[in-house]
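# A look at the structure
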2 protein chains.
Amino acid sequence: MTKGTATRDTILLHATELASRVGLSGLTIGALADDLDLSKSGLFAHFGSKEALQTRVLDYAASEFIEAVVRPALHEPRGEPRLVALFERWLAWDRNGSFPGGCVFVAAASELDDRPGPVRDRLVELQREWLQVLAISFQKGIDAGRFKSDADPAQFAQDVHGVMLAFHHAGRLMADPEAESRARRAFNTLIAAARRTDLPSA
Amino acid sequence: MTKGTATRDTILLHATELASRVGLSGLTIGALADDLDLSKSGLFAHFGSKEALQTRVLDYAASEFIEAVVRPALHEPRGEPRLVALFERWLAWDRNGSFPGGCVFVAAASELDDRPGPVRDRLVELQREWLQVLAISFQKGIDAGRFKSDADPAQFAQDVHGVMLAFHHAGRLMADPEAESRARRAFNTLIAAARRTDLPSA
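Residues numbered from 1 in each chain as written. Chains lettered and ligands numbered in written order. Predicted model: local features only at pLDDT ≥ 70, side-chain atom pairs only at ≥ 80, totals over all residues. Heavy atoms only, no water.

## What to know about the overall build of chain A
Looking only at helices and strands, one finds nine helices and zero strands in chain A. Going from N to C terminus, chain A has its helices and strands arranged as α-α-α-α-α-α-α-α-α. Its C-alpha atoms put chain A at 65 × 35 × 30 Å along the principal axes. Burial statistics for chain A: of 202 residues in total, 47% are counted as buried. Sequence-distant contacts, at least 24 apart, represent 65% of the contacts inside chain A between residues at least 6 apart. (Helix = DSSP H or I, 4+ residues; strand = E, 2+ residues; numbered from the N terminus. Buried < 20%, exposed > 50% of the residue type's maximum accessible area, 1.4 Å probe, protein only. Contact = heavy atoms within 4.5 Å.)

## Section: the packing of aromatic side chains
Residues and elements named next belong to chain B. This model, assessed by the stated rule, comprises 14 aromatic pairs over all chains. For the ring pair Phe 65 and Trp 130, a centre distance of 4.9 Å and an interplane angle of 85 degrees mean the geometry is edge-to-face. In this pair, Phe 65 sits in helix H4 (residues 50-73) while Trp 130 sits in helix H7 (residues 118-143), placing the two residues 65 residues apart along the sequence. Exposure remark for Phe 65: the relative accessible area of 8% places this residue in the buried category. You can call Trp 130 buried: its relative accessible area is 8%. Here the aromatic rings of Phe 87 and Phe 187 are separated by 4.1 Å at their centres, their planes lie at 5 degrees, and the arrangement is stacked. Note that Phe 87 is positioned in helix H5 (residues 80-95) and Phe 187 in helix H9 (residues 179-194), a separation of 100 residues in sequence. Accessibility expressed as a relative area gives 1% for Phe 87, which makes it buried. (Phe/Tyr/Trp six-rings, centres within 6.5 Å; stacked < 30°, edge-to-face > 60°.)

## As for the interface of chain A and chain B
Interfaces are often sized by the amount of accessible area the parts lose when they come together. Taken together, the 39 residues of chain A in the interface contact 39 residues of chain B. Both faces considered, chain A and chain B share a buried interface measuring about 3,000 Å² in area, 52% of it formed by carbon and sulfur atoms. Three residues, Gln158(A), Leu173(A) and Met174(A), lead the burial of chain A against chain B; their summed loss comes to 22% of the area buried on that side. Between the two partners, chain A and chain B, sit two salt bridges. Salt-bridge contacts for Arg172(A) lead to Asp113(B); the nearest nitrogen and oxygen are separated by 3.1 Å. For the pair chain A and chain B, the interface holds 19 residue pairs in polar contact (both at pLDDT 80 or more). Contributions of two or more residues to the side of chain A that touches chain B are made by helix H1 (3-22), helix H6 (104-112), helix H7 (118-143), helix H8 (153-173) and helix H9 (179-194) of chain A. Ranked by residue count, the leading element in the side of chain A that touches chain B is H8(A), at 14 residues. (Buried area = accessible area lost by both parts, 1.4 Å probe. Salt bridge = Lys/Arg side-chain N within 4 Å of Asp/Glu carboxyl O. Polar contact = N/O pair within 3.5 Å; in protein donor to acceptor, adjacent residues only side chain to side chain.)

## Section: the pattern of salt bridges
Tallied over the entire structure, the rule returns 22 salt bridges over all chains. Between Arg71(B) and Glu67(B) there is a salt bridge whose closest N-O contact spans 3.0 Å. Placement of the pair is Arg71(B) and Glu67(B) together in helix H4, with a separation of four residues, close to one helical turn. Residue classification places Glu67(B) among the partly exposed residues on the basis of a relative accessible area of 47%. Salt bridges here are not isolated pairs; linked through shared partners, they connect Glu88(A), Arg95(A), Glu180(A) and Arg184(A).

## Observations regarding the relation of the copies chain A and chain B
When chain A is fitted onto chain B, the two copies agree to an RMSD of 0.0 Å after a turn of 180 degrees and an axial shift of 0.0 Å. Here the transformation between the copies is reduced to the relation of a two-fold axis. Taking C-alpha positions as reference, the residue of chain A nearest the rotation axis is Gly162(A), located at 2.0 Å. The share of interface residues of chain A whose copies in chain B are also at the interface is 100%, consistent with both copies meeting through the same surface. (Least-squares fit on C-alpha atoms with pLDDT ≥ 70 in both.)

## Let's talk about the nonpolar core
A general tendency of soluble globular proteins is for nonpolar side chains to be buried together. Core analysis: the biggest nonpolar cluster contains 128 residues, and Leu58(A), Trp130(A), Leu58(B), Phe105(B) and Trp130(B) have the highest contact counts within it. The contact partners of Trp130(B), leaving out residues within four places of it in the chain, are Phe65(B), Val69(B), Val70(B), Leu86(B), Trp90(B), His161(B) and Met164(B). (Core = buried A, V, L, I, M, F, W, Y, C linked by side-chain atoms within 4.5 Å.)

## Thoughts on helix H2 (residues 29-36) of chain A
Residues and elements named next belong to chain A. The complete set of buried residues in H2 reads Ile 29, Gly 30, Leu 32 and Ala 33. Projected onto a plane normal to the axis of H2, the buried residues spread over an arc of 165 degrees and lie on a single side. Immediately beyond the C-terminal end of H2, within one or two residues, lies Asp 37, with a positive phi of roughly 55 degrees. (Arc of directions from axis to C-beta.)

## Let's talk about the confidence of the model for chain A
Looking at chain A, the pLDDT average stands at 91 and 94% of residues meet or exceed 70. Per the prediction output, this complex has pTM 0.93; the corresponding ipTM is 0.92. (pLDDT = per-residue confidence, 0-100.)

## Topic: unusual backbone geometry
Note: most residues except glycine have negative phi, and most peptide bonds are trans. Residues and elements named next belong to chain A. With phi around 55 degrees, Asp 37 is a residue other than glycine that occupies positive phi space. When you line up the elements, Asp 37 lands in the loop between H2 and helix H3 (40-47). Look at Asp 37 and you get exposed, because its relative accessible area is 71%.

## Overview of the packing of helix H5 (residues 80-95) of chain A against H8(A)
All names here are of chain A. The interhelical angle for the contact between H5 and H8, taken along N-to-C directions, is 25 degrees, at an axis separation of 11 Å. Taken together, the axes of H5 and H8 lie roughly parallel to each other. Crossing handedness for the pair H5 and H8: right-handed. Note on element contacts: H8 touches H5 through Phe 156, Val 160, Val 163, Met 164, Phe 167, His 168 and Arg 172, opposite Leu 83, Phe 87, Trp 90, Leu 91, Asp 94 and Arg 95. Of the residues contributing to the contact of H5 with H8, the split by class is nine nonpolar, one polar and three charged. (Axes fitted to C-alpha atoms, helices over the stretch in contact; angles between N-to-C directions. Parallel < 35°, antiparallel > 145°, perpendicular 65-115°, else oblique. Left-handed = near helix turned anticlockwise from the far one by under 90°. Nonpolar A, V, L, I, M, F, W, Y, C, P; charged D, E, K, R; others polar.)

## Considering the environment of Glu76(B)
Residue placement: Glu76(B) occurs in the loop between H4 and H5. Sequence-wise, Glu76(B) and Phe105(B) are 29 residues apart; in three dimensions their C-alpha atoms are separated by 25 Å.

Written out as structure tokens, the structure is:
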């Protein structure tokens, strides 16, 4: 890693932490310059615009998410074991507060849903990729003959996403000690409903 | 309704619409004064502080929510019909954009979850009341012998809340035309799983 890369990653990590606290819309080049004690003109020369900074932060958070959640789960066998790994790693990502103000994507989704522009467009792409990871992993369970052939991967992806969003709400806002065990129960119910019942048990 | 009440309600409606667009944290007395072309000192004398204004907006949105979603559903028979009415009215509330920037509570939940203070405290109370409406309505279905006696009302409330949050995300951010039909299917699956299977069908 060159010195330039390290510095850029340090700035992006800091910017992502700042966005997780103040919201993506609050992440301006001026706010980041204040926070890092760097010159605003230097940061402006580097990023070009507030929207470019915000988009880079989304991409940075997405690459962290892929390293922490998606890539390790791909080492698990296709179908149910991989889905369990994705879910458990997502819970850990949200619970352990990868960034101080909580999941950047959950916050950005309700912040940007009514603000058209390049940052919202990038968020939609990244969220679509994540929902597709869930749907494709489910489809592989169907292809392998473990899940019912008429189960709907897009339905499963939206349902699991709901389990995650409700966990985020119950855990972070409501500080409900049962939030995680309920989320795990809901996930297990979705998986159990998808399993073929005509197979001999292992 | 006296003139004073009408004016106060007009200001609160406007403040709630503003909060739905810029976020609850962006709703300051100065921003509201600019938007309404009223004096900042007059609004300050009326509300007292930014936090009091934000709390009043949450209470105002909650009273609108109760009139649009909760109260009409209470006219339905206890148990499943009431739960269906609560769910359908919630979908309509979210879909029709009761406020221009979308549901104030969904946005406030991710905005305030890491910001301790009186506004967050009030939001938590209001969200707890809503989750309890769902859980108590479900409990009445158990009491009436229609749902399984070992079903868990708090689990149902968190699960239905997840269905709603995923619908909000898929509909508003992702503009997914299937968002609502999937939400309805997920809700029906939760209800079907709760029904007693040892009763003669009607």
